[in-house]
Amino acid sequence: MKILEIRTLRGPNYWSGYWKKLIIMRLDIEDYEQKPTDKIEGFYERMTEVLPSLASHGCSYQEAGGFMRRVEEGTWAGHAIEHFALEMQSLAGMDVGYGRTRETSEPGIYNVVFAYQEEEVGRFTARAAVEFFLDLAEGKSVKEIKKRLAEDIQRMREIREEVRFGPSTASIVEESESRNIPFIRLNNQSLVQLGYGIHQQRIQATTTGKTNMIAVDIAANKHAAKKLLSEMGVPVPIGFSIRDEDELERTIESISFPVVIKPLDGNHGKGATVGIETLEEALTAFQKAKEYSRNVIVEKMLVGGDFRALVVNNDLIAVAERIPAHVIGDGKNTIEQLIDETNADPRRGYGHENVLTLIDVDEQTERLLRAKNYTLETILPAGEMLHLKTTANISTGGTAIDRTDEVHPENIFLFERIAKIVGLDVAGIDVIAPNVSEPLSENGGGIIEINAAPGFRMHLAPSEGIGRNVAEHVVNMLFPPGKPARIPIIAITGTNGKTTTTRLVAHILRGSGLTVGFTTTDGTYIQNNQITAGDNTGPVSAQLVLKDPSVQVAVLETARGGIIRSGLGFDHCDIGIVTNIAADHLGLKDINTLEDLARVKSVIPRSVSSKGFAVLNAEDENVFWMRKYVDGEVVYFSMDETNKNIQKHARRGGVSCIFENGYVTILKGKWKVRVEKAINIPLTYGGRAEFMIQNVLAATLACFVHKVSLEDIRVGLTTFTPSTAQTPGRMNFIEIKDFTVLMDFAHNPAGIKGLQKFINQLSYKTRTGILSGVGDRRDEDLREMGKLAAETFDTLIIRRGDYLRGRTEENVINLLQEGIKESGKNVPVKIVHESKEAIDYAFENAEAGDLIVILADTVSKDIEYVNKYRDGLNENKN
């Protein structure tokens, strides 16, 4: 059995309309194609003994035990592995409920699809599930299989903790998602963008883009913070900042035990030790604090409980009492047994997977035990509470009790005032006091620390009391009522015309006064400035635009490759355009038919929001079919106003864009609104380029439903010229000496057919075509391209091309020549292997009045070379 490929889908995709995060594992099950599970001796018995929880999987029977029944009756390896992957993630604390296994056109090769929560865990699970199947199938002992399974599940938990958001960041992200605010993770830690483009806000854990850096510096310098608060009348413990060990004893003598020692600029309790009663303990704590900071705080330890007050946007939101990890003796069990018993609480889990964290025995625990002359084998006296950590952090096994409703009004005023004094938008205020129900000024309590990035976990899910949705207040601060979080997204897909339509829409929107970010096959642009070059039609490029803080509207060309490889780079769009569906890239990634290709492209209209619009080609049945899956409104475009789909839509009062009597016209029910004559739109070449008119219709309709004024649409249409600058490789005419060069990116049969109709309307002495084939096309597609080229041109030059993609040059050229022969046309063919030499040959043999059509292989490279050739001729003239 071989894993051929593991792909990760991160957004809307063609496998599921709901599940965005999917693993696609392409699996060759080899000999197991002939051995379903009922033919593998002992497979069912070992599986049920090792993984009995699979009994909850209903599978196709849709009832508990359904999957077990399928295995007993006999199912294939891929299907079993799908269920193993789902169950393993569930046992690791990550419940996911979607899986599919589909056989491909290649015997024995399957696509195993399953949902994931964390990408790295999902990829690990794919491999682990295959190994688990093989262990069962190869008859390994149950003990050995169980051991390996337990190790894999624990490793999955560890990976999850390494890569996932912490509970604080996750709570803000989840609250944002509940409000339809999208997010983009900006690094592998906790830096997150909420919202898109110009409306974005950023957080890093609980620090926000509104957090004052001076305030952060004040909070980080504990000595400076305490001095500031003291001068402002806030109760704080006496303390000093020291650097050298020889200052320690003298400092403690001045304030007396018990003391607290902590790093000057530490956080989250790192390096802090409380309850120090002896100089020996102080020396150990000093060295621990020095690991985190050059300067160390030594301060008088206040008596009372440990409380955390959370203030957001100057409002007190929550208060929790924190209790360090501890056990209480029963006079029977050892300390180790008591820890195990405490960890058996179902609320405790590994890392952040549950409300509470498992208590581990570390150096800090052992130091506390030694201080009491205890070991793990000591039987703790009944009723004695033994602290196992010096700090009360939830992440080290501590517990929290919600005290929000108990806070005295005077303390509420104090906590909110402290946040204002320091200047933090999100402040965690650490308090030591007998309680918070009495004013600190009366019960001897004090403020020991201010945190600029306070954790939320103790408030979100305290071990006692009610949880507080503190993230709600952060999101309210970042996105107050009425403030948008999204920018409009217009996504364009289809086989041909995507790039031109994208550029035209972007041009119209830019002319209406908006800052536009757009992606195309030749680069990503902000306004007219190219940010990156190359094929930028996938999710990474889309997110580049959505992350740009200047962008007001995103226009995203979206190709099949990115959809198949990773899904969309956005959760949904406002307008989704599908230009057409034609044979291109078939036979790749299990997309073998036009119907398969349409299913991939349909991801765009499926992702249209409920208030958005799907702009569909009414003449293309493979596009028109997509209307069934649109949540928003469907509008259509067509070259034929009598098209049955247009007529039916009009009778229902729908909106369309049609070409009628030489006009680009908006059809609103029975009413026509003529936008502009095609002959006045440069892109249509006087109305002769039908496929360009189709692009104009799609772009015009998209801008119209986006509420762009008719005047702005007219101006955009009439000022958009098909040049190498605005539409590189799309119908670019260049005059060289006394002949004409036309460069176009027609790279599939449908594209060449459209070009053929246009060229047949032109009057030139001789038409020469420079042709190359792309290696990832089917044999029949390459033959068809050769046939169409022979029917279009008087002479042909075949060059190698830059994208052989697994084929040999000889194979591609032979297939093109076979197609030329099939045409029955006696067209002279010259083979010139190198691209530049092919262009040179055509130019050197051109005569006055000739047309040379370069079917651009690498658009930018061909444009650069042709312009250089022309400029060289002009320089020689001068």
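First, a word on scope: everything that follows refers to the structure included in this document.

Parameters and conventions
Residues numbered from 1 in each chain as written. Predicted model: local features only at pLDDT ≥ 70, side-chain atom pairs only at ≥ 80, totals over all residues. Heavy atoms only, no water. Helix = DSSP H or I, 4+ residues; strand = E, 2+ residues; numbered from the N terminus. Buried < 20%, exposed > 50% of the residue type's maximum accessible area, 1.4 Å probe, protein only. Contact = heavy atoms within 4.5 Å. Areas by Shrake-Rupley, 256 points an atom, 1.4 Å probe, with all protein chains shown as cover. Pairing = 2+ DSSP bridges. Axes fitted to C-alpha atoms, helices over the stretch in contact; angles between N-to-C directions. Phe/Tyr/Trp six-rings, centres within 6.5 Å; stacked < 30°, edge-to-face > 60°. Lys NZ or Arg CZ within 6 Å of the ring centre and 35° of its normal. Arc of directions from axis to C-beta. Left-handed = near helix turned anticlockwise from the far one by under 90°. Nonpolar A, V, L, I, M, F, W, Y, C, P; charged D, E, K, R; others polar. Parallel < 35°, antiparallel > 145°, perpendicular 65-115°, else oblique. Salt bridge = Lys/Arg side-chain N within 4 Å of Asp/Glu carboxyl O. Polar contact = N/O pair within 3.5 Å; in protein donor to acceptor, adjacent residues only side chain to side chain. Core = buried A, V, L, I, M, F, W, Y, C linked by side-chain atoms within 4.5 Å. Patch = residues over 30% accessible without salt bridge, like charges linked within 9 Å, V, L, I, M, F, W, Y side chains within 5 Å.

### Brief notes about the overall build of the protein chain
Right, so step 1: Within the protein chain one finds 30 helices and 38 strands.
Right, so step 2: Residue burial in the protein chain is summarised as follows: out of 878 residues, 55% are buried.
Right, so step 3: Residue pairs in contact within the protein chain that sit at least 24 positions apart in sequence constitute 67% of those at least 6 positions apart.
Right, so step 4: Per element, the accessible surface of the protein chain, about 36,800 Å² overall, is 47% carbon and sulfur.

### Considerations on the sheet that holds strand β32 (residues 671-677)
Right, so step 1: Reading across from one edge, β25-β24-β23-β26-β22-β27-β28-β29-β30-β31-β32 is the order of the eleven strands in this open sheet, with mixed pairing throughout. At either margin of the open sheet sits one strand with a lone partner, and together these are β25 (529-533) and β32. Ignoring which end each strand starts from, the neighbouring axes of this sheet average 15° apart.
Right, so step 2: Relative to strand β26 (residues 553-557), strand β22 (residues 489-493) runs parallel, the two being bridged by four bridges. Residue pairing for β26: Ala491 is matched across the bridge by Leu556.
Right, so step 3: Sheet strands touched by helix α23 (residues 644-651): β29 (633-638), β30 (655-660) and β31 (663-668). Its angle to β29, the strand with the most contacts, is close to 135°.

### Some words on the sheet that holds strand β11 (residues 273-276)
As a general point, the strands of a sheet are linked pairwise by backbone hydrogen bonds and lie either parallel or antiparallel.
Right, so step 1: Taken in spatial order, the four strands of this open sheet run β9-β12-β10-β11, and their pairing is antiparallel. Each end of this open sheet is capped by a strand with a single partner; those strands are β9 (239-242) and β11. Neighbour to neighbour, the strand axes of the sheet diverge by 20° on average, direction disregarded.
Right, so step 2: On the sheet, helix α8 (residues 222-231) packs against β9, β10 (259-263) and β12 (296-300) and is oriented at approximately 150° with respect to β9.

### Quick word on the packing of aromatic side chains
Right, so step 1: Tallying each qualifying case throughout the model produces 16 aromatic pairs.
Right, so step 2: Measuring from centroid to centroid gives 5.2 Å for Tyr685 and Phe733, while their planes differ by 65°, and the two rings are edge-to-face. A residue pair is termed long-range when its members are at least 10 positions apart, and Tyr685 in the loop between β32 and α24 (690-705) and Phe733 in strand β33 (residues 732-736) qualify at 48 residues.
Right, so step 3: Here Phe733 falls in the partly exposed class, since its relative accessible area comes to 26%.
Right, so step 4: Site record: aromatic cluster; members linked through ring pairs are Tyr18, Trp19 and Tyr98.
Right, so step 5: Against the face of Tyr32 rests Lys35, its NZ or CZ located 4.7 Å from the ring centre.
Right, so step 6: Here Arg606 stacks its cationic end above the ring of Tyr629, 4.1 Å away from the centre of that ring.

### Description of α8
Right, so step 1: Listed in full, the buried residues belonging to α8 are Lys222, Ala225, Lys226 and Leu229. The arc enclosing the buried residues of α8, seen along the axis, measures out at 95°, which places them on a common side.
Right, so step 2: Contact partners of the buried residues in α8: α7 (213-220), β9, β10, β12, α13 (409-422) and β21 (446-451).
Right, so step 3: The first or second residue beyond α8 is Gly233, which carries a positive phi of 85°.

### Some details on the pairing of β30
Right, so step 1: Judged by how many residues are buried, β30 sits mostly within the fold: six of six residues are covered.
Right, so step 2: With burial as the criterion, each face of β30 is covered, one bearing Val655, Cys657 and Phe659 and the other bearing Ser656, Ile658 and Glu660.
Right, so step 3: With antiparallel pairing between neighbouring strands as the criterion, β30 and β31 make up a hairpin whose turn holds two residues, including Asn661 at a positive phi of roughly 50°.

### What about the packing of helix α3 (residues 77-91) against helix α5 (residues 142-163)?
Right, so step 1: At a minimum axis separation of 9 Å, α3 and α5 run at an interaxial angle of 65°. The two elements α3 and α5 cross, and the hand of that crossing is right-handed. Contact with α3, carried on its side by Met88, Gln89 and Leu91, involves Leu149, Asp152, Ile153, Met156 and Arg157 of α5 and no other residues of that element.
Right, so step 2: Considering only residue class, the contact of α3 with α5 consists of five nonpolar, one polar and two charged.

### Focus: the environment of Ile198
Right, so step 1: Turning to its location among the elements, Ile198 is positioned in the loop between β6 (191-194) and β7 (201-204).
Right, so step 2: Sequence separation between Ile198 and Lys737 is 539 residues; the distance between their C-alpha atoms is 48 Å.
Right, so step 3: In contact with Ile198, not counting residues within four places along its chain, are Ile487, Asp548, Pro549, Ser550, Val551 and Gln552.

### Some remarks on unusual backbone geometry
Right, so step 1: Omega for the bond connecting Phe257 with Pro258 falls within 30 degrees of zero, at -5°, which places this linkage in the cis form.
Right, so step 2: Topologically, Pro258 is positioned in the loop between α9 (248-255) and β10.
Right, so step 3: Despite not being glycine, Asn373 has its phi angle at roughly 60°, a positive value.
Right, so step 4: By the element assignment, Asn373 lies in the loop between α12 (363-371) and β18 (385-387).
Right, so step 5: Positive phi outside glycine occurs at Lys737, with the angle close to 50°.

### Quick word on the packing of helix α26 (residues 749-759) against helix α27 (residues 779-792)
Right, so step 1: Packing of α26 against α27 brings their axes to within 9 Å, and their N-to-C directions diverge by 5°. In terms of orientation, α26 and α27 fall into the roughly parallel class. Contact with α26, carried on its side by Pro749, Ile752, Lys753, Gln756 and Ile759, involves Asp781, Glu784, Met785, Leu788, Ala789, Glu791 and Thr792 of α27 and no other residues of that element.

### Considering the pattern of salt bridges
Right, so step 1: In this structure the tally under the stated criterion is 45 salt bridges.
Right, so step 2: As a salt-bridge pair, Lys389 and Asp362 come within 2.9 Å of each other at their nearest N and O atoms. Taken together, the positions of Lys389 in the loop between β18 and β19 (399-402) and Asp362 in the loop between β17 (356-357) and α12 put the pair 27 residues apart, joining distant regions of the chain.
Right, so step 3: By relative accessible area, Asp362 is classed as partly exposed at 27%.
Right, so step 4: Sharing partners across several salt bridges, the network here consists of Lys222, Lys226, Lys262, Glu299 and Glu449.

### Thoughts on the side chain of Glu660
Right, so step 1: Locating Glu660 in the fold gives a position in strand β30.
Right, so step 2: Here the side chain of Glu660 touches Asn661 through a polar contact of 3.2 Å, side chain to side chain.
Right, so step 3: There is a polar contact of 2.6 Å between the side chain of Glu660 and the side chain of Thr665.
Right, so step 4: Residue contacts for Glu660: discarding those within four places in its chain leaves Glu641, Thr665, Lys672 and Arg674.

### Notes on the environment of Arg308
Right, so step 1: In this structure, Arg308 sits in strand β13 (residues 305-312).
Right, so step 2: Separated by 534 residues in sequence, Arg308 and Ala842 have C-alpha atoms that sit 79 Å apart.
Right, so step 3: Polar side-chain contacts of Arg308 include one of 2.4 Å to the side chain of Asp430.

### Let's talk about the nonpolar core
Right, so step 1: By size, the foremost hydrophobic cluster in this structure holds 93 residues, and its most contacted members are Phe43, Met47, Phe84, Phe133 and Phe570.
Right, so step 2: In terms of residue count, helix α4 (residues 119-137) provides more of this core than any other element does, ten residues in total.
Right, so step 3: Discounting residues that sit within four places of it in the chain, Phe43 has contacts with Thr37, Val71, Phe84, Phe133, Leu136 and Ala137.

### A closer look at the pairing of strand β34 (residues 739-744)
Right, so step 1: Across the six residues that make up β34, a large majority, six, are buried.
Right, so step 2: The two faces of β34 match: Phe739, Val741 and Met743 on one face and Thr740, Leu742 and Asp744 on the other face are all buried.
Right, so step 3: Bridge count between β33 and β34: five bridges; the pairing is antiparallel. The residue bridging Ile736 from the neighbouring strand is Phe739, located in β34.

### Digging into a nonpolar patch on the surface
Right, so step 1: Taken together, the side chains of Phe257, Leu279 and Leu283 present a nonpolar region at the surface, about 200 Å² in accessible area.
Right, so step 2: By secondary structure assignment, the location of Phe257 is in the loop between α9 and β10.

### Details of α23
The α-helix advances 3.6 residues per turn, and as a result positions three or four apart in sequence lie on the same side.
Right, so step 1: Among the residues making up α23, those that are buried are Asn645, Ile646, His649 and Ala650. Along the long axis of α23, the arc covered by the buried residues comes to 135°, so they all point the same way. α23 presents Lys644 and Arg651 as exposed residues on the side facing more than 90 degrees away from its buried surface.
Right, so step 2: Structurally, α23 contributes buried residues whose contacts are with α22 (621-624), β29, β30 and β31.
Right, so step 3: With a side-chain oxygen positioned 2.8 Å from the backbone nitrogen of Asn645, the residue opening α23 is Asn643.
Right, so step 4: Within two residues after α23, Gly653 carries a phi angle of roughly 85°, on the positive side.

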